[in-house]
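The lines below spell out each chain.
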Amino acid sequence: MKLFKKVMAVGLASTMVLSMAACGGGSNETTAAATTAAETTTAAEAEETTKAAEEAAETTAEEVKEATGDFDASNVTVGISIYKFDDNFMTLYRNELQRYLVEDLGFKEENITIQDGKGDQAEQSNQIDNFITAGVDVLILNLVQASSAPQITDKCSAAGIPVVYINREPDVDEENRWESEGIKATYVGCDARQSGTFQGEEILETSNGGDINGDGKVSYIMIQGDPENVDAQYRTEFSVKALTDAGTEVEELFIQRGDWDQAKGQQLTQDALTQFGEDVEVVFCNNDAMALGALQAIEAAGRKVNEDIYLVGVDALTEAVQNVLDGKMTGTVFNDHIAQAKSAADIAVSFLKGEDVAPVNMVDYTKVTTENAQAVLDALK
Ligand code: BGC
C-alpha cells in the first residue's frame, strides 16, 4: 500500500488540484477547473505531491483508526450487492472492499454478504428486499440501474438502514434529496469527466496529437459502456471535449455501445475497421475491458497501435497497463478501486457511528502512460 501511494503521486499532483477545484463549484465550473488543472500541472508540482503522498503513506494506520475510532465492527452485518459479478473492474473493487472490511476494519467475514445482481434490476431489488428483511446494519449497493435509487433509498430509509451507493451514480436530484430530507444515503465514486479529459489528453500528448494521416483532423471511433451509466456518458463527452478545447478538429466515424464488455468491444472495433479502414486514427473505449477487445480487432486487422492507430481505455486493469508498457495501448486511466473501496467502507462506518455524511464523495483518477505504467503495474500487483 505504501509503494502504491508513492507511484500514484505523479497523477495525484494534477488530481489534487482538481479535487480542490471540484469542492467549490457547480458542475460546469468543476469541468472547466478540471480541464485547466489537468493542463497546468508541472513536474515540480508532481514532485511536491510525491513528498506529500509519501508522508500520507506513513499515516495509513492512523487513518484507519480515525475512520473507525472506538467502533467495534465485530457484530455488524453488511449487505453488499454488485450489479454483476461478471465485470472485470467490479471484481477488483468487490475483492478489495471485502478485504478492507475484514482485514483493516475488523468486520467478520461471516457478517458480510455479497450478492450478484446479474445485470438484472428485478433480481437485485429482491436481494435488497431480503437484506432489509434480514435486518442488516448497513448496505453497500452497486445498482444495476442507477435510476432505481429513489425507490430503493425510500425502502432502506423506512427500515432505518443506511445505504452507500457505489460506482453507478444516482442522479443529482436524488442526491440532493438525501441531504434535504436527512436520509442516510450517499454516493462514493469518481467524476468520470476527469477520466474522459485524461483520455483526450493522452491523445493530444502523442507526437502528432492524434492526427496520424495529417489531414488536419482527428478521426475517431467511440466504444461506449452502458449509456445509462453516467461514467459512459461523461467519458464519451469529455474525451472528445479535451481535443476540441485544445483547438483540434475532430470527426466521429462511429459510436456504439459495448456495455463495458470485452467481446462487444472486439466486435464493434472490427466492424468499424471494416467500414472505415485506415481512416480510423483513434479508438476511444470507455473502459479497459472493451479496449482489450479493441486491441484484438486492431491486431487482427494488421494495424499497429501508436504507429497507425491510437487506443485508450479507462480502469488500469493489469493487462491494459501491461499493454501500455508494451506499446499496445496508448494509455489508460486508473479508476482507483482501492481508494473507492476504502472510502465506501469508511463511510459505512461513519453512518453506523451516527456521524454526518456528505451526499457525494469523489475519488480521483490517475493518468497511466508509458512514463508511469511500470510503477502502476508494480503497485497493483
Ligand atoms: C468502469 C467499468 C465498469 C463499470 C461498471 C466503470 O466505472 O470503468 O469498467 O464496467 O464502471 O459500472
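Just so it is clear, the structure is predicted and the values come from calculations on it, not from any experiment.

Novice: Describe in detail the overall build of the chain, supporting the description with residues and values.
Specialist: Secondary structure assignment for the chain yields 16 helices and 12 strands. Per-residue burial for the chain yields a buried fraction of 53% across its 381 residues. A fraction of 75% describes how many contacts in the chain between residues 6 or more apart in sequence connect residues 24 or more apart.

Novice: Requested: an account of the sheet that holds strand β4 (residues 163-166), with residues and values cited.
Specialist: Across the sheet, 6 strands lie side by side as β2-β1-β3-β4-β5-β11; this open sheet has parallel pairing. Of all strands in the sheet, those bounded by a partner on one side alone are β2 (112-116) and β11 (360-363). In this sheet, neighbouring strand axes are inclined to one another by 15° on average, regardless of whether the strands run parallel or antiparallel. Relative to β4, strand β3 (residues 138-141) runs parallel, the two sharing 3 bridges. Its bridge partner being in β4, leucine 139 is matched across the sheet by valine 163.

Novice: Which residues make up the side chain of aspartate 211, and what are the values?
Specialist: Within the secondary structure, aspartate 211 sits in the loop between α10 (192-204) and β6 (218-224). Of the side chains with opposite charge, lysine 217 comes closest to the buried, unpaired aspartate 211, at an N-O distance of 8.1 Å. A distance of 3.0 Å separates the side chain of aspartate 211 from the backbone nitrogen of glycine 214, its partner in a polar contact. Excluding residues within four positions of it along the chain, aspartate 211 makes contact with Gly216, Lys217, Val218 and Glu281.

Novice: Explain empty space enclosed by the protein to me, using residue names and the numbers behind them.
Specialist: Taking a probe equal in size to a water molecule and rolling it over the atoms shows the remaining empty space. Scanning the entire structure with this criterion turns up 2 cavities of 30 Å³ or more. Estimated volume of the largest cavity: approximately 100 Å³. Taken together, 13 residues make up the lining of the largest cavity; nearest its centre are Asp87, Phe89, Asn167, Trp260 and Asn287. Put simply, the parts of the chain that give the lining of the largest cavity at least two residues each are α6 (88-104) and α11 (230-245). Considering only residue class, the lining of the largest cavity consists of 4 nonpolar, 4 polar and 5 charged. Three or more residues apiece are contributed to the lining of the largest cavity by two domains, here domain 1 (2-190 + 336-380) and domain 2 (192-334). Phe89, Asn167, Tyr187, Gly189, Cys190, Asp231, Asn335, Gln340 and Tyr365 together form the lining of the second largest cavity. Element by element, the count of residues in the lining of the second largest cavity is highest for strand β5 (residues 185-190), at 3 residues. In terms of residue class, the lining of the second largest cavity is built from 4 nonpolar, 4 polar and 1 charged.

Novice: Provide a residue-level description of the pairing of strand β1 (residues 78-82), including the pertinent values.
Specialist: Most of β1 sits inside the fold, with 5 of its 5 residues counted as buried. By the alternation rule, side chains of β1 split into Val78, Ile80 and Ile82 and Gly79 and Ser81, which are all buried. Note: β1 against β2, 5 bridges, orientation parallel. Paired with valine 78 across the strands is isoleucine 112, a residue of β2. For the crossover that starts at β1, traverses α6 and ends in the parallel β2, the hand is right-handed. Two elements, β1 and β3, share 4 bridges in a ladder whose sense is parallel.

Novice: Kindly report on the environment of serine 207, identifying the contributing residues and their values.
Specialist: Tracing the chain through its elements places serine 207 in the loop between α10 and β6. Judged by its relative accessible area of 78%, serine 207 falls in the exposed class. Measuring from C-alpha to C-alpha, the distance between serine 207 and asparagine 306 comes to 9.5 Å, with 99 residues separating the pair along the chain.

Novice: Can you explain the packing of aromatic side chains? Please cite residues and give values.
Specialist: Per the stated rule, a full pass over the model turns up 5 aromatic pairs. Between phenylalanine 89 and tyrosine 93, the aromatic rings sit 6.1 Å apart at their centres with planes inclined by 85°, giving edge-to-face as the arrangement. With phenylalanine 89 and tyrosine 93 both in helix α6, this residue pair falls 4 residues apart, about one helical turn. Summarising the burial analysis for this pair, phenylalanine 89 and tyrosine 93 share the class buried. Here tyrosine 165 and tryptophan 178 contribute two aromatic rings whose centre-to-centre distance is 5.5 Å and whose plane-to-plane angle is 20°, an arrangement assigned as stacked. Of this pair, tyrosine 165 sits in strand β4 while tryptophan 178 sits in helix α9 (residues 172-181); the two residues are 13 residues apart in sequence, bridging distant segments of the chain. Sitting over the ring of phenylalanine 85, arginine 94 keeps its end group 3.7 Å from the ring centre. Over the face of the ring belonging to tyrosine 83 we find arginine 168, whose NZ or CZ atom lies 3.7 Å from the ring centre.

Novice: If you had to explain the sheet that holds β6 to someone new, which residues and values would you point to?
Specialist: With parallel pairing, the 4 strands of this open sheet are ordered in space as β7-β6-β8-β9. With partners counted over all chains shown, the strands left at the sheet margins are β7 (250-257) and β9 (310-312), one partner each. Put simply, the sheet's adjacent strands are angled 15° from each other on average, direction ignored. Relative to β9, strand β8 (residues 282-285) is paired through 3 bridges, and the arrangement is parallel. Within β9, the position partnered with phenylalanine 284 by the bridge is valine 312.

The rules behind these values
- Residues numbered from 1 in each chain as written.
- Predicted model: local features only at pLDDT ≥ 70, side-chain atom pairs only at ≥ 80, totals over all residues.
- Heavy atoms only, no water.
- Helix = DSSP H or I, 4+ residues; strand = E, 2+ residues; numbered from the N terminus.
- Buried < 20%, exposed > 50% of the residue type's maximum accessible area, 1.4 Å probe, protein only.
- Contact = heavy atoms within 4.5 Å.
- Pairing = 2+ DSSP bridges.
- Axes fitted to C-alpha atoms, helices over the stretch in contact; angles between N-to-C directions.
- Lys, Arg positive; Asp, Glu negative; His and termini not counted.
- Salt bridge = Lys/Arg side-chain N within 4 Å of Asp/Glu carboxyl O.
- Polar contact = N/O pair within 3.5 Å; in protein donor to acceptor, adjacent residues only side chain to side chain.
- 1 Å grid on protein atoms, 1.4 Å probe; cavity = no way out; pocket = protein on both sides within 12 Å on 5 of 7 lines; lining within 4 Å.
- Points joined across faces, edges and corners; volume = space filled by probe spheres on them.
- Nonpolar A, V, L, I, M, F, W, Y, C, P; charged D, E, K, R; others polar.
- Domains from an automatic or database assignment.
- Right-handed = clockwise from strand over helix to strand, strands pointing away.
- Phe/Tyr/Trp six-rings, centres within 6.5 Å; stacked < 30°, edge-to-face > 60°.
- Lys NZ or Arg CZ within 6 Å of the ring centre and 35° of its normal.

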